[in-house]
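If you want the building blocks of each chain, they are given just below.
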Amino acid sequence: METGRGCLAIPLLLSFLLLPLGFPTTGAADGLIRIGLRRKPLGENGRIAARLLDKEGKDLMARRYGLRGGVGSNGEDEDIVSLKNYLNAQYFGEIGIGTPAQKFTVIFDTGSSNLWIPSSKCILSVACYFHSKYKSSASSTYQKNAGKSAEIHYGSGSISGFFSEDHVTIGNLIVKNQDFIEATSEPSITFLVAKFDGILGLGFQEISVGNAVPVWYNMVNQGLIKDPVFSFWFNRNAEEGEGGEIVFGGADPNHYKGEHVYVPVSQKGYWQFNMGDLLIGDEATGLCSGGCAVIADSGTSLIAGPTPAIAEINKRIGASGVVSQECKAVVAQYGQRIFEMLISQTQPTKMCSQIGLCASDGTGAVSIAIESVVNENKDVSSGLHNDAMCNACEMALVWMQNQLSQNQTQEKMLNHIIELCERLPSPMGESSVDCAAIPSMPSVSFTIGDRIFKLQPEQYILKVGEEAEEQCISGFTALDVPPPRGPLWILGDVFMGVYHTVFDYGNSRVGFAQAA
């Protein structure tokens, strides 16, 4: 989450209602503790939450409820945490910190690795006054961490504070001597209106700020669970009281059908793996024909991917975004030239730099300020191209390559790309659809391992508001993660709500099965 480490995120605002929460705790004959959480149905103020993105291409945001499971361990070795679902966009559960335990609501986020909560020493940020704050003097197990500072930057804000050490209670487990961040500054409105107090990261230590040992690692190292596995079930029916579950030590067989399809983690940090091509309807798109890097992320509400691919999907499903003038201008001015360069086998990574819109390093998404031209009167002409023109050129290039692979004519190709430009999402990331058209929209499928994972339109479209004010939002949003980490896809709650997800730490793999 810090510069050079942490999280992936999409610059979407969280606009949530603040309601008092109750957390009744009940025991169970199988030794598991279930924490019942109320669930707020879909309502007004329904801007969709995704994830916040820092400038290095890192992340935040998440959710749900609890029960019990298998995956090679018995019920006594598993622990379940109940999760609450807010707007099918924000799921969170309760933990305790200190002795006696001070209660906090947190997002269980597989896209980050630190635990942070507001500190009682946070006095200058309004957000801290709307959330529970940790008071170290009230805990007999608190340990000072030499005043080590911490700072996490996101696309729409940041938090800063210092590391402390204390016991963390999750369900009926007590994780001893856990490092966490006491946030003393939360200036972003995101944290002011959020319904959670903090974040509990479940990613790998490789992306941990300050190289702090994640809570999950300590759960395993302290022998609190038998099997180094945890799993998520997200209930996407917002009218049901149960929000979902996270199970530590296994998976609840009541919440999935059939066997999980497992794929190996390709790069530790996020739970990252490789996937094959995407299908719209039953037709291959070629968008990932050579394979794409993807992460399973409980902290992201939507499905995020590179802008060219998301624009293609949103066009095919009929989603409309804000018209990108830069995109259309590039197609109008340079479309024919790019087409001719592709036909002549010019190296694609160099094309946008060759026509003067991007830097010539071949890494993509790098703008260049074209040198000012001094005319005969020695006046300086501005004539500078910006990042938007560079990005638009690279998007058009990707689209043209895809169209050429389908043997499209130049005229059809350019017309198609103009339509794609008009499908680019708004600056806030979302694209809307006609709610009445949902039954006629195509399915969108992802190839993972040897299986096709299909999403029907009612599963990838999120409904916000009621009756005359109801809006339907595409579950696909653009996120361009720069190299070397990107380009990268994120399968967030829209996907994980349909497919029960197992994070197998012991075997470094991720598994998916039909949710039940």
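All of the points below concern the structure found in this document. (Residues numbered from 1 in each chain as written. Predicted model: local features only at pLDDT ≥ 70, side-chain atom pairs only at ≥ 80, totals over all residues. Heavy atoms only, no water.)

## Focus: the overall build of the protein
Rules: Only runs of H or I of at least four residues qualify as helices and only runs of E of at least two qualify as strands under DSSP, and these elements are numbered from the N terminus. Any residue under 20% of the maximum accessible area for its type is buried, any over 50% is exposed, and the rest in between are partly exposed; the area is computed with a 1.4 Å probe on protein chains only. In what follows, a contact means two residues having at least one pair of non-hydrogen atoms within 4.5 Å.
Helix and strand content of the protein: nine helices and 30 strands. Counting all 516 residues of the protein, 57% fall into the buried class. Of the contacts made within the protein by residues no fewer than 6 positions apart, 72% connect residues no fewer than 24 positions apart.

## What to know about helix 7 (residues 410-422)
To keep it simple, the criterion reads: By this rule the span expected of a helix is its residue count minus one, scaled by 1.5 Å. The directions from the helix axis to the C-beta atoms form the arc being described.
For helix 7, with 13 residues, the first-to-last C-alpha span of 19 Å sits near the 18 Å given by 1.5 Å per residue. By the burial criterion, the buried members of helix 7 are M413, L414, H416, I417, L420 and C421. Along the long axis of helix 7, the arc covered by the buried residues comes to 160 degrees, so they all point the same way. Along helix 7, exposed side chains directed more than 90 degrees from the buried face belong to E411 and K412.

## With respect to the pattern of salt bridges
Pairing between side chains becomes possible if they bear opposite charge and their charged atoms approach one another. The criterion, for reference: Only one rule defines a salt bridge in this text: a Lys or Arg side-chain nitrogen within 4 Å of an Asp or Glu carboxyl oxygen.
As enumerated under the stated definition, the model contains five salt bridges in all. R316 is the salt-bridge partner of E312, the closest N and O atoms lying 3.8 Å from each other. Placement of the pair is E312 and R316 together in helix 3 (residues 307-317), with a separation of four residues, close to one helical turn. Salt-bridge contacts for D504 lead to R509; the nearest nitrogen and oxygen are separated by 2.8 Å. Residue D504 is classed as buried on the basis of its relative accessible area of 3%. A single salt-bridge network, built from bridges that share partners, covers E283, E312 and R316.

## Overview of the packing of aromatic side chains
Basically, it comes down to this: Note on aromatic contacts: the rings of Phe and Tyr and the six-membered ring of Trp form a pair at centre separations within 6.5 Å, being stacked when their planes are under 30 degrees apart, edge-to-face when over 60 apart, and tilted otherwise.
Throughout the structure, instances matching the rule amount to 25 aromatic pairs. Between Y134 and F180, the ring centres sit 5.1 Å apart and the planes meet at 85 degrees, which makes this aromatic pair edge-to-face. You can see Y134 sitting in the loop between strand 7 (115-118) and strand 8 (143-154) and its partner F180 sitting in strand 10 (residues 173-185), a full 46 residues away along the chain. Geometrically, the ring pair formed by F446 and F495 is edge-to-face, given 5.7 Å between the ring centres and 85 degrees between the ring planes. One end of the pair, F446, is in strand 23 (residues 444-448); the other, F495, is in helix 9 (residues 493-496), with 49 residues separating them in the sequence. F446 sits in the buried class, given a relative accessible area of 0%.

## Digging into the environment of S149
Take S149: it is sitting in strand 8. Note on S149: relative accessible area 59%, which makes it exposed. Taking the C-alpha atoms as reference points, S149 and G161, separated by twelve residues in sequence, lie 5.9 Å from one another. Setting aside its immediate chain neighbours within four residues, S149 contacts G161, F162 and F163.

## Here's the deal with unusual backbone geometry
The omega angle of the peptide bond from P483 to P484 is 5 degrees, so this bond is cis rather than trans. Here P484 lies in the loop between strand 27 (476-478) and strand 28 (489-491). Backbone geometry places N407, a non-glycine residue, at a positive phi of 60 degrees. The topology assignment puts N407 in the loop between helix 6 (387-405) and helix 7. Here S508, not a glycine, exhibits a phi torsion of approximately 50 degrees, which is positive. Looking at where S508 falls in the secondary structure, it is placed in the loop between strand 29 (499-504) and strand 30 (509-515). By relative accessible area, which is 22% here, S508 ends up partly exposed.

## Structural notes on a negative patch on the surface
Threshold: Within this analysis, patches are made of residues with over 30% relative accessible area and no salt bridge. Like charges are joined at 9 Å or less; nonpolar side chains (Val, Leu, Ile, Met, Phe, Trp, Tyr) at 5 Å or less. Using a 1.4 Å probe, the Shrake-Rupley method yields the accessible areas, and only the shown protein chains count as cover for residues. Just so you know, the count uses Lys and Arg for positive and Asp and Glu for negative, and it drops His and the chain ends. We put the charge of a Lys on NZ, of an Arg on CZ, of an Asp on CG and of a Glu on CD.
Residues E466, E467, E469 and E470 make up a contiguous surface patch of negative charge. You can see E470 is positioned in the loop between strand 25 (461-464) and strand 26 (471-474). For E470, a relative accessible area of 31% puts it in the partly exposed group.

## Examining the packing of helix 3 against helix 7
Our working definition: Think of each axis as a best-fit line through the C-alpha atoms, taken over the contacting stretch in the case of a helix, with angles from 0 to 180 degrees between the N-to-C directions. Angle categories are assigned with fixed cut-offs, so that under 35 degrees is roughly parallel, over 145 is roughly antiparallel, 65 to 115 is roughly perpendicular, and the rest are oblique. Amino acid classes used here: Ala, Val, Leu, Ile, Met, Phe, Trp, Tyr, Cys and Pro are nonpolar; Asp, Glu, Lys and Arg are charged; the rest, including Gly, are polar.
In the contact formed by helix 3 and helix 7, the axes pass within 9 Å of each other and the chain directions differ by 90 degrees. Here helix 7 runs roughly perpendicular to helix 3, going by the angle between their axes. Touching A311, E312 and K315 of helix 3 are H416, E419 and L420, all from helix 7. Here the contact of helix 3 with helix 7 is built from residues that sort into two nonpolar, one polar and three charged.

## Re helix 3
Buried residues dominate helix 3, accounting for ten of its eleven residues. Turning to helix 3, its buried residues number three or more, namely T307, P308, A309, I310, A311, E312, I313, N314, K315 and I317. Downstream of helix 3 by a residue or two, G318 has a phi angle that is positive, lying close to 90 degrees.

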